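# Structure at a glance
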Amino acid sequence: MPHQAITHLPRAELPANTQALARFLLGKLIIRTLPEGEISGRIVETEAYLVGDAASHAFRGMTVRNRSMFLERGHAYVYLAYGTSFMLNVSSQEAGVGEAVLIRALQPVKGLALMEHHRGTTNLRDLARGPGRLAQALRIDRSLDGADLCGPGEIWLGADEFAGDEVGASARIGITRDADRLLRFYLRGSAFVSGPRALNL
DNA sequence: AGTGCGATTGACT
DNA sequence: GTCAATCGCACTA
């Protein structure tokens, strides 16, 4: 069977609406190109951060840290959480609007050995289940902040035949403000989704 | 300049 | 289930 190259997601295909983008990205691929090889994973869990949302880094406007949230949709916003874990977001909306989608978990697809090396475990389920874990597995840090995920760079979004697995919605994880809004989305039944069982029904 | 607190994780009871 | 690690950032003074 012929090898089918993964195609980049064109920016024009990304929904401008951030909640729609969070759902749209489920099932899509993240491809990380490194000198040692290529890593990829299927997005199985996302969260939306919106304008007027007290839990969002952009709630109080643009700062040095969050300026990538204000880029046109399809750019990376990467920051360090708790001094220990990097978080990968996809900027949403048009330029100047501070909204983004946090990528919370991946189903590992390619580059397993490299991911295992980065993570220090061979447990498949633990390689990219959780935002900090997936960033570590893909060797994502602040140097990728602002990267164009629709371009031919070191990290990009790939299309995938997404059969339309059932999507669940829940409250977002680990936040205290605006905590009741159902802005977390995940593929029902995926073993690679993070979070407590009660939120993954 | 000092302080409090996370969009988390891993180790441990 | 609980809890400390760890550090950049936003906020106060």
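Conventions and cut-offs
Residues numbered from 1 in each chain as written. Chains lettered and ligands numbered in written order. Predicted model: local features only at pLDDT ≥ 70, side-chain atom pairs only at ≥ 80, totals over all residues. Heavy atoms only, no water. Helix = DSSP H or I, 4+ residues; strand = E, 2+ residues; numbered from the N terminus. Near = heavy atom within 4 Å. Polar contact = N/O pair within 3.5 Å; in protein donor to acceptor, adjacent residues only side chain to side chain. Nonpolar A, V, L, I, M, F, W, Y, C, P; charged D, E, K, R; others polar. Core = buried A, V, L, I, M, F, W, Y, C linked by side-chain atoms within 4.5 Å. Buried < 20%, exposed > 50% of the residue type's maximum accessible area, 1.4 Å probe, protein only. Contact = heavy atoms within 4.5 Å. Salt bridge = Lys/Arg side-chain N within 4 Å of Asp/Glu carboxyl O. 1 Å grid on protein atoms, 1.4 Å probe; cavity = no way out; pocket = protein on both sides within 12 Å on 5 of 7 lines; lining within 4 Å. Points joined across faces, edges and corners; volume = space filled by probe spheres on them.

## Details of unusual backbone geometry
Backbone geometry at Tyr 82 places phi at a positive 60°, although glycine is not the residue there. Tracing the chain through its elements places Tyr 82 in the loop between strand S3 (76–81) and strand S4 (85–91). A positive phi angle is found at Arg 139, which is not glycine, with a value near 50°. Tracing the backbone shows Arg 139 in the loop between helix H3 (131–137) and strand S6 (155–158).

## Comments concerning the protein's contact with DNA strand B
Taken together, 21 residues lie around DNA strand B, and Tyr 79, Asn 89, Arg 119, Gly 132 and Arg 133 are the ones closest in. Those atoms of DNA strand B that come within 4 Å of the protein belong to sugar or phosphate at a rate of 51%. Between DNA strand B and the protein, one listed contact pairs a sugar or linking oxygen with a side-chain N or O atom of Tyr 49 at 3.4 Å. Side-chain polar atom of His 57 to a phosphate oxygen of DNA strand B: 3.2 Å apart, as the coordinates give it. Those elements that place two or more of their residues in the surface near DNA strand B are S4, strand S5 (100–110) and H3. Classifying every residue of the surface near DNA strand B gives 10 nonpolar, eight polar and three charged.

## With respect to the nonpolar core
Among the nonpolar cores identified, the biggest contains 41 residues, and Ile 30, Leu 88, Ile 103 and Ile 140 are the most heavily contacted of them. Among the nonpolar cores identified, the runner-up in size contains 11 residues, and Ala 58, Met 69, Tyr 79 and Ala 100 belong to it.

## A look at the side chain of His 75
On the secondary structure map, His 75 appears in the loop between strand S2 (37–49) and S3. Here His 75 falls in the buried class, since its relative accessible area comes to 13%. Of the polar contacts made by the side chain of His 75, one reaches the backbone oxygen of Glu 72; its length is 2.7 Å. Ignoring sequence-local partners within four residues, the contact set of His 75 consists of Arg 11, Asn 89, Val 90, Ser 91, Gly 146, Ala 147, Asp 148 and Leu 149.

## Looking at the pattern of salt bridges
In this structure the tally under the stated criterion is 13 salt bridges. For the salt bridge of Glu 36 with Arg 139, the shortest nitrogen-to-oxygen distance reads 2.7 Å. Taken together, the residues span a long stretch of sequence, with Glu 36 in the loop between strand S1 (29–34) and S2 and Arg 139 in the loop between H3 and S6 at a distance of 103 residues.

## With respect to the layout of surface pockets
The computed volume of the largest pocket comes to approximately 600 Å³. For the largest pocket, the lining is made up of 27 residues, of which Tyr 49, His 57, Tyr 79, Gly 174 and Ile 175 are closest to its centre. At the level of elements, S2, S3, S4 and S5 are the ones that each hand at least two residues to the lining of the largest pocket. Partitioning the lining of the largest pocket into residue classes produces 15 nonpolar, seven polar and five charged.

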